[in-house]
Structures are given as C-alpha cells and as structure tokens.
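Single-letter residue listing:
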Amino acid sequence: MKKPYWQGVFPAITTQLKKDQSLDLEATAAHAEALIASGVTGMIFLGSLGENQALLLEEKRRVIEAMVKAVNGRVPVLSGVAENSTAAACRYVRDLEELGVDGFMLMPAMLYKGDPRETMTHFRTTAKATGLPIMLYNNPISYANDLTPQMFAELSDVKNFTALKESSGDVRRITDLHNTVGARYAIFTGVDNLMLESAILGIDGWVAGSGIAFPAENQYIWELTRAGKWERAREIYRWFTPLLHLDVSTKFVQYIKLAVQECGLGSEWVRAPRLPLAGEERKQVLKIIHEGIAKRPMAPKPK
C-alpha cells in the first residue's frame, strides 16, 4: 500500500499572544518544542485555533517565518489559508512559500458560502499558485461549505492536494471517503471528540486541538490506535473526552488556550473580538481542565 505523504498527529497550535494582544513568538516556539518532543509528525500554524482571521497579514508572515526557523525541519510546518478571496489566498501561499513553509491547510474562502463549483474553483486556483502540498479542510459547521466525498473525488486530479481534514462531525464520512476516493488522499480527522471513532474506521492522521495542552497523552492515544490496542485506547479516551469536548464549541480558542495555560505551556490571551473567559463559564471550563490534570494517565515517554 502506498504510504501517505502526511500521516500521524499534526496538532493545530495556538498563536501565543501577550496581554496587550501583540504576538509572543517566543512562547509559540516553546509550545511547538513541547509538541515536537511528544512525537508529533507535523504542525499546523494559523489554523482556526491559531486565530488566523484575527491576525494582520504581516503578523501571519512573522509567525510563519519564526516558526519555520524554530522547528528547523524536524517536522513539516503547515500554515492555514483562510483568506476572504481567491486572489488573497493565491498571494498568501506564494508569500509563505518564499518563507520556507512546507505546505498548507486550505479552507474555503471566508465570508461567502460558495456553491460546489465556486468552492472547487477556489481550491483549484489557489493550488496553482504553489507547488507545495495542500491539506483540504472540510468544516461545514463552521464555514458553511460542505466538501462531499464526491467533490473530493472531482478534485483528485490536482496533484498537490495530498490530504483531507474531515470535520463535518459525521463520522460516517470516513467510510464514504474510503469508498469514494480510496487511498488518493491521506485522511485526517479534525474533530477531537470523534478521534477514536474515526481511528476505528481508518484514518491516516489527526489534526489535534485540545490535545495541544496534553501533548504526551495526546500522542499516547494516537499510538494506541496505531497498535490496535483498543481497550487501553478506550480507557484513555474516556479520561480525555471531557477535554476533547472543549474543541467543539464556539469559544474553542478561549477554552483550549486556557487549558494550555493551566498545563504550563502558554497563556490564555486572545485577540479581540475574542475575550478571555470570565465568570461562571470560566469556572466550569477550569473545573474540566483541573479534573483532567488531576486524573491524567501515565503516558510512556516518547521513543
């Protein structure tokens, strides 16, 4: 069987900020270092969790330039592409290719719900602007554009489309993708609290969200699925699930950044219009995080 171009855990890392909302590149690099040490096989900066759309273009370029240097070729560095127009997406991928990024996670154009023809044209046109590999991101819940298995099949002639991030929330899509596109793409799940279900149905990778606060445990459960150790994987998953639920909320950025802070891997500061959590909501999320920390299982050290 052909080995996927990308596989394994590709965490979507937060963009660390200071209290005044300016970039904290040093803290972002330190978190990346902890994730690499856990055994991840790739890293995605400036996805939704990385607050892509809240950052200025120059800030995004600074993040990628700094992270390419910090990672230094140890794992592939991908950037999310979440521009509002096809022209802007093409310009963005060209700019970042010059900065040394290894690939992209491409979202539909923001702020407009395109029909299938428009969405696929956006993807095809953006792909022509770079020779780098691209992970296509399907998240109809957040972005109102649903890339169906048939649409992925129609896009299969684009050579640098190498992977899919499936985040429809419908785990049945994993089997539909296998039946429709076979091994054409590496299939990643992007929904944390469907990770184990997706792994059972057959995936190549996981774009992890909540797990960036628990790198060792996140990598451990992934490795258990690779080894087919389903009983132990279920045990870890039951501990992990309340934390994984934090990834599927409108405030997932605030929730996960708070978890990252409580685990000593960064801070909770976010870019407005987001605000740090407050009041009862903050207490409830902290309760989930602290219970998770108190009950965290022993994960073996990475090899």
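The rules behind the values
- Residues numbered from 1 in each chain as written.
- Predicted model: local features only at pLDDT ≥ 70, side-chain atom pairs only at ≥ 80, totals over all residues.
- Heavy atoms only, no water.
- Helix = DSSP H or I, 4+ residues; strand = E, 2+ residues; numbered from the N terminus.
- Expected span 1.5 Å × (residues − 1).
- Buried < 20%, exposed > 50% of the residue type's maximum accessible area, 1.4 Å probe, protein only.
- Contact = heavy atoms within 4.5 Å.
- Phe/Tyr/Trp six-rings, centres within 6.5 Å; stacked < 30°, edge-to-face > 60°.
- Lys NZ or Arg CZ within 6 Å of the ring centre and 35° of its normal.

> With reference to specific residues and values, describe helix H9 (residues 215-226).
For H9, built from twelve residues, the straight-helix expectation of 16 Å at 1.5 Å per residue is met to within 8% by its first-to-last C-alpha distance of 17 Å. In terms of burial, H9 is a largely internal element, nine of the twelve residues being buried. Buried within H9 we find Pro215, Glu217, Asn218, Gln219, Tyr220, Ile221, Trp222, Leu224 and Thr225. On its buried side, H9 packs onto strand E1 (8-9), helix H1 (25-38), helix H8 (195-201), strand E8 (205-206) and helix H10 (230-244). Taken from the residues just after H9, Gly228 is the one with a positive phi, measuring 70°.

> So, the packing of aromatic side chains: which residues are in play, and what are the values?
Across all of its chains, the model carries seven aromatic pairs by this definition. One aromatic cluster is present, built from ring pairs that chain together Tyr5, Trp6, Phe10 and Phe188. The ring of Tyr185 has Arg184 sitting right over it, with the charged end atom 4.5 Å from the ring centre.

> Before we move on, can you summarise the environment of Met120 with the specific residues and values?
Note that Met120 resides in helix H4 (residues 116-128). Using a relative accessible area of 11% as the deciding quantity, one classes Met120 as buried. Not counting the four nearest positions on each side in its chain, Met120 is found in contact with Met151, Glu154 and Leu155.

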